[in-house]
Amino acid sequence: MGFEGAELAVVPLDSERAEDTTVTGAKAANLARAAVAGLPTLPGFVLVPTELAPGAPTGDAAVLAAWRDLAGPEGQERPLVVRSSSAHEDTEDSSMAGRFESVLDVRGWEDFTTAVQTVLDSARRVRPLRPPEDAPPGDGMAVLVQPMLTAATGGVMFGADPVEGRTDRILVSAVRGGPDQLVDGSTQGVRYQLTRMARLVRIEPAEARGDRTLSHRQQVRLVALAKKAERVFGGPQDMEFGFDADGQLWLFQARPITAMAARPARGARLLGPGPVAETLPGVLQPLEEDLWVAPMSHGLTRALDIAGAASRRRLRKLPLVTTVQGRAAADLRLLGAVPSAHPVLDFINPAPGARRAGAAWRVGRLRSALPLLAIDLMADVDQALADFPPPEEMLSGQMLEAVAWGRQVLSALHAQESLAGALLGPGTGATAAGEALAELAEGRTRGLSDVELIERHPVLLALLPPTLGERAPLPATTGWTTVPRGVGALPVREGLRLRIRWVQEMQAQMVREMGHRMGPGECTLGLSRLVLLRWDELVKAADGEGLPADLTERPPRPDTGPLPAAFRLADGRPVAQLPPGHRTSGEGQGAGGGFGTGTAWDGHGGRPEHAVLVVRSLDPALAPLLPGLAGLVAETGSALSHLAVLAREYRVPTAVGVPGAVDRYPVGTSLSVDGGTGAVAKADMDDADDHTTDTAPRATTTRKEPAA
């Protein structure tokens, strides 16, 4: 016989040696431990290289004898299952779920030897996507052999909910028949979320109470198995199970849960880009954050305080506006962008009413005074900006003072802009962006360049996002617009917003000039390094205290894509949330991985830079495509299937059970994928621009007002 000239040793599954993962691999070793602990496992044996099991029966005769003992008498052999037990799979760091071969329903000696060779060959053909650091050299493949059980009901059970990151929940996906049709992604199955007391929390899709795939008694037995396995292995397990025709529960596989979704702490703030993303839409480097986000947060906080929209204690607790993954995000509840989490308590609590009553007098007087205050502020800003010489004519210290002045005045501008939006209404309805488009249309007809256009009409800066780097080009073409009327015709609020943009541009010009002066030949700092400084670090460097020692090691912030519309932070990462009053579309099931946006791709042809793989089913053969995906969408399949497990390990946002996904989202479609809720939607092209094509920044003319 022989297996490509190699001799194999036979290790019984109930032997002490079988519990050694370095000998039999994690899959077989885990089953051996489970059997010793009294968990319901099937008998079997493991074939390993002879050098790993000195003293064990070896050679063709030993393998034949072990097969005969398990398969039964000649002519009456029962079917077997021949499975991989690689040193690279079922570990705490990497499941390699479905990557190696398993052969089911193996009958007869000839088919058995072929199946063993198939499993051994898969070790040489499949390379680990992320091999464990302590994995043994070589293929490290053992072959697990057990009886083939015909299950009446089977499935996959997680001793914790990896999609929601909850250790107080147990997640089960079940099908009628064996679990193989579930783990290979061909069948979606029915998903049960259970408490650790076996209470059914949720079932998807809905089933009639009298015709459920798993009865209540079976659910209770599965929860008991999950808790016992957790005690045996020291943590929640990812298990495959089956109920036979007699109702006996069997454990086919147990391994650590390799990827748990991050779970926000209780009471974590509900954040989102909201209206602040209209002012700061892109990824901000550290210096940009300190120059623009901090003043915005301070100004909006002052506006909310004046309006009595929140207590000062709450406003002082955390910044109203912050950055997440380099993008601006705000507290949606404080801004009034979502309803209160406790409307009844707010109604009976006299504090908010008293606070608003105290603010009413201030607001009443402010409503009449605000236009004049805003006009005075805008006039002061215009005069200060006009008095600044060109940056190339200024000393570096003077430029630094100008940038510092900009931080102070931006706070006042943001505060008055927010109050103007809440108290004064839209006025004439004219916008800075609309005026800019009108000026652009006339300027294009005269063939003016971008530089000439902006020098003549600074209102055009309203069409461009602020940046300390190179300024983006103006839109190449525009449709018919209104006739320009001049900046003086803009309502108060739009005038304030335009001054915010002008001050930001002044700061950018100053910083760019400073970066050029500190480039190669002097301090060898340059603009690319300068933007990685914090504001206080730049001030200290200007005062002669030197640059931070780690500055050369700081990487620029990458663009990881737009933030979810609403999210909470868990370990510093955004976890998408449904705002109060919203519900999922019910189109798909979340399989974890977070939130992502990108371009639909079918796995063939050129791969987009940020690809969302859209497929019919969760075929494990797609595993090599997972690294770097922006999302994964499947029409069928379970959140507990092999490919979904691997996707969570690579933090790929995944939605399963999305009907007609391949036809609805053809290649090239801009998509957003929420791995928590399972929601898949065609993304706003403006949100997808960062991931697909270079287009001109959008001109925003409206936004939601913060509640006052």
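Residues numbered from 1 in each chain as written. Predicted model: local features only at pLDDT ≥ 70, side-chain atom pairs only at ≥ 80, totals over all residues. Heavy atoms only, no water.

### So, the sheet that holds strand β7 (residues 169-176)
One open sheet holds the six strands; their spatial order is β9-β8-β7-β6-β10-β11, and the pairing between them is antiparallel. This sheet does not close on itself; its edge strands, each paired only once, are β9 (200-204) and β11 (249-256). Here the average twist between neighbouring strands, direction ignored, is 20°. As paired strands, strand β6 (residues 153-158) and strand β10 (residues 237-243) are joined by six bridges and run antiparallel to one another. Bridge pairing in β10 places F158 opposite D238. In the packing of helix α5 (residues 216-233) onto the sheet, the strands contacted are β6, β7, β8 (190-195), β9, β10 and β11, and the crossing angle to β10 comes to about 140°. (Pairing = 2+ DSSP bridges. Helix = DSSP H or I, 4+ residues; strand = E, 2+ residues; numbered from the N terminus. Axes fitted to C-alpha atoms, helices over the stretch in contact; angles between N-to-C directions. Contact = heavy atoms within 4.5 Å.)

### Section: the nonpolar core
Among the nonpolar cores identified, the biggest contains 54 residues, and L291, V321, L413, L468, V511, L530 and L538 are the most heavily contacted of them. When contributions to this core are tallied by element, the ones reaching two or more residues are α7 (286-307), β14 (327-331), α10 (350-387), α11 (396-423), α14 (492-517), α15 (526-530) and α16 (535-542). With 10 residues, the top contributor of residues to this core is α11. Ignoring sequence-local partners within four residues, the contact set of L468 consists of L287, E288, L291, W292, Q507, A508, V511, R512, L527 and V531. In this structure, A591, V615, L622 and A644 belong to the second largest nonpolar core, which totals 30 residues. (Core = buried A, V, L, I, M, F, W, Y, C linked by side-chain atoms within 4.5 Å. Buried < 20%, exposed > 50% of the residue type's maximum accessible area, 1.4 Å probe, protein only.)

### As for unusual backbone geometry
In this structure, the amide linkage connecting E204 to the following residue, P205, adopts the cis form with an omega of -10°. Looking at the element boundaries, P205 is found in the loop between β9 and α5. Of note, Q325 is a non-glycine position whose phi angle comes to about 55°, a positive value. Take Q325: it is sitting in the loop between β13 (321-324) and β14. Overall, the relative accessible area of 35% leaves Q325 in the partly exposed class. Here the phi dihedral of D571 falls at roughly 55°; this positive angle occurs in a residue that is not glycine. Within the secondary structure layout, D571 lies in the loop between β15 (567-570) and β16 (573-576). In this structure D571 comes out as exposed when scored by relative accessible area, which is 77%.

Nothing here speaks to function; it is geometry throughout.
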